[in-house]
2 protein chains.
Amino acid sequence: MATIRDVARLAGVSVATVSRVINKTDFVNPETAAQVLKAIEQLQYEPNAVARGLAGKKMGIIALILPDILNPFFPALARGVEDEAQKKGLTVILGNSDDLGLKESTYIKDLKKKYVDGFIFASNTIREEDVESLRKEGIPIVLLDRGLNTASCPVIRSNNRAGAKLAVQHLIERGCQKIAHIYGPQEFITARERLLGYEEVVGELEGYSPSLMVSGKFDIESGRQGVEHLLTRHPQIDGIFAGNDLMAIGALKALRERGILVPEQVKVCGFDGISLTEITEPELTTVAQPIYEMGGLAARILLNEIEGGGRENTIIELDVALIPRKSTR
Amino acid sequence: MATIRDVARLAGVSVATVSRVINKTDFVNPETAAQVLKAIEQLQYEPNAVARGLAGKKMGIIALILPDILNPFFPALARGVEDEAQKKGLTVILGNSDDLGLKESTYIKDLKKKYVDGFIFASNTIREEDVESLRKEGIPIVLLDRGLNTASCPVIRSNNRAGAKLAVQHLIERGCQKIAHIYGPQEFITARERLLGYEEVVGELEGYSPSLMVSGKFDIESGRQGVEHLLTRHPQIDGIFAGNDLMAIGALKALRERGILVPEQVKVCGFDGISLTEITEPELTTVAQPIYEMGGLAARILLNEIEGGGRENTIIELDVALIPRKSTR
DNA sequence: ATCACAGATGTAACCGTTTACATTGCTTTC
DNA sequence: GAAAGCAATGTAAACGGTTACATCTGTGAT
């Protein structure tokens, strides 16, 4: 591989001039520039990213840390991030944190050493101190679905509350009168907000009881268990709003096992809009987040910060959309 | 951040000695080493990975290039790779190639500049020349599911042929007599092998006709279309072996739409063992590949090559396992 | 006493960029 | 006609490690 010095030699200029031509960082006589360009072409020269990284403390890499790529929510997010990064010539490092603060801290420590340009965290466990320390060192970071209103960095999330209300209202419109909710872990702000949205709408219904809410863990199995608990307490429920699609799928399974027809006897609505909802039987009504777009947006905001742009610390709340399908027909 | 020179100064030794202590690359007097360690501790020193990378041409990063993380096959693979890499202190760059040779070449070009330690390609489109050029430059590479018997590098795949035979035999055991096959794109060796396995078993059956094979594209929609074609030609089929799980899911959908009962009237078997097969209705019988383990294995082999180990160019064929579920009961 | 050699460490070049500062040659200004 | 200013480019010091080679000491062999 040719180096910048080879180019300089061939073009009969100094390395500084070559660097200037490459980066357009300073004025260079057009004729000289042409010479340099010719030499670059001739030698098939490509700047070495690591040397650049060392000099500039930026490797042209962004880190995407998410709980688990196996969770069907995250591939779309990752793809959104990657496509956007790719467009701008950056690459993406992927890390699975399993929602473990320790793993996240480890990633931060390791990746700082590698001069990654910035971080995107889809995480509920990230520590405020970690965020702070990154900020202090001038390393941009974007958070997804994170609580802190005291945001010291940009946060992107969906309008979970409004989405939950959409879901419940939809169930009501479809004739449900006794609507249960399987909520997710309350340390996740998404789960809390969805629960609040549910309560807000359903609280006014007659015959409503707090025991219509059962907890789940955002996975299939707990959705199934949630339904079992619910049915023993409230055999007469006719609508279930699950805190996410996975739990809704679990709910579907449990209902089927018990011979309860969906949507005839009980209607089910999920949340997230992952692609799995299209392959269940019946297909699942859900409140869709623009997952792919969220990833793209996160990347764009991060890149903007990397390029020295905004330091806005905005909280961006994206709209969600109800997708009616067979499970609530 | 402290540098190696800070450590050297504090410990009263030269940077070379510090480097030796850190890397255990040479003998150092235990007392001196202790001094150095103390200084490291005191300064909270951590070697800069980029500087290291520049000097050693290795950034401690491996690249995983796959067609599309949105395809439910790949998250498990990615997770397998990441977990293994993580264990050895490496990080993973993720790239989506969309099975486009051009994108792959671009990744190679970009990532070479970043001194990634090695590549894992889950790809059918990678060009032989690209493989060669990497090899020539001494950059290790591992291929998944790639054809070339002229392997100039390690290749990992499942025993697709044997798996297909398992599937068809299973259908026969369950009483199927007219077994169709929806095969995947024949440029994929996996698809070819599975087709061969199918033919091998089914060719001996009486009433077998080549028109029982229809092509698909390894996605849900083409599985559905495949079934539609099949049913017009052969209304009496009672078993379908799909070339992968996604097409099997499409098949399930199409059958349901037509009111054909699975498994009562037609039994369906997929291939891959992705987690989606557990949430369909009925749950899908499939030939499972050890996807997560394949990822882990690929990473391990790659790391071994990176550390200067084998240059074995083995083709490793992993066993698959039939998982009988409701769709063939 | 001398030589060879091994143990322990230091020196400085190198990896391939970026960039602050210096230099050079002209033009402009009073 | 000297001072000032600007355009264009060069020089060399970073960035933070690794490592080939040099150096110095002490030891056993001859």
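Residues numbered from 1 in each chain as written. Chains lettered and ligands numbered in written order. Predicted model: local features only at pLDDT ≥ 70, side-chain atom pairs only at ≥ 80, totals over all residues. Heavy atoms only, no water.

Draft legend 1. View of the interface of chain A and chain B. Across the contact, 44 residues belong to chain A and 44 residues belong to chain B. Counting the surface lost from both chain A and chain B, the interface buries some 4100 Å², and carbon and sulfur atoms represent 60% of this. The three residues of chain A that bury the most area against chain B are Arg79, Lys114 and Ile279 of chain A, which together make up 17% of that side's buried surface. Taken together, the connections running from chain A to chain B amount to 10 salt bridges. As a salt-bridge pair, Lys113 of chain A and Glu46 of chain B come within 2.9 Å of each other at their nearest N and O atoms. At the level of secondary structure, the elements contributing two or more residues to the side of chain A that touches chain B comprise α4 (49-56), α5 (74-87), β2 (91-96), α6 (101-113) and α11 (245-257) of chain A. Ranked by residues supplied to the side of chain A that touches chain B, first place goes to β2 of chain A with 6 residues. For the side of chain A that touches chain B, the residue count by class is 22 nonpolar, 8 polar and 14 charged. Note: β2 of chain A against strand β2 (residues 91-96) of chain B, 3 bridges, orientation antiparallel. Directly across from Leu94 of chain A, in β2 of chain B, lies its bridge partner Val92 of chain B. (Contact = heavy atoms within 4.5 Å. Buried area = accessible area lost by both parts, 1.4 Å probe. Salt bridge = Lys/Arg side-chain N within 4 Å of Asp/Glu carboxyl O. Helix = DSSP H or I, 4+ residues; strand = E, 2+ residues; numbered from the N terminus. Nonpolar A, V, L, I, M, F, W, Y, C, P; charged D, E, K, R; others polar. Pairing = 2+ DSSP bridges.)

Draft legend 2. Main features of the protein's contact with DNA strand C. If you check the shell around DNA strand C, you find 28 residues, and the closest are Arg5 and Ser19 of chain A together with Arg20, Phe27 and Thr32 of chain B. If you look at DNA strand C and keep only atoms within 4 Å of the protein, 58% of those are sugar or phosphate atoms. In this structure, a base oxygen belonging to DNA strand C sits 3.0 Å away from a side-chain N or O atom of Arg5 of chain A. Within the side chain of Arg52 of chain A, a nitrogen or oxygen atom sits 2.9 Å from a phosphate oxygen of DNA strand C. For the surface near DNA strand C, the secondary-structure elements that each account for two or more residues are α1 (4-11), α2 (15-23) and α4 of chain A together with α2 (15-23) and α4 (49-56) of chain B. Of the residues assigned to the surface near DNA strand C, the class counts are 13 nonpolar, 9 polar and 6 charged. (Near = heavy atom within 4 Å. Polar contact = N/O pair within 3.5 Å; in protein donor to acceptor, adjacent residues only side chain to side chain.)

Function-wise, these values are silent; they only describe arrangement.
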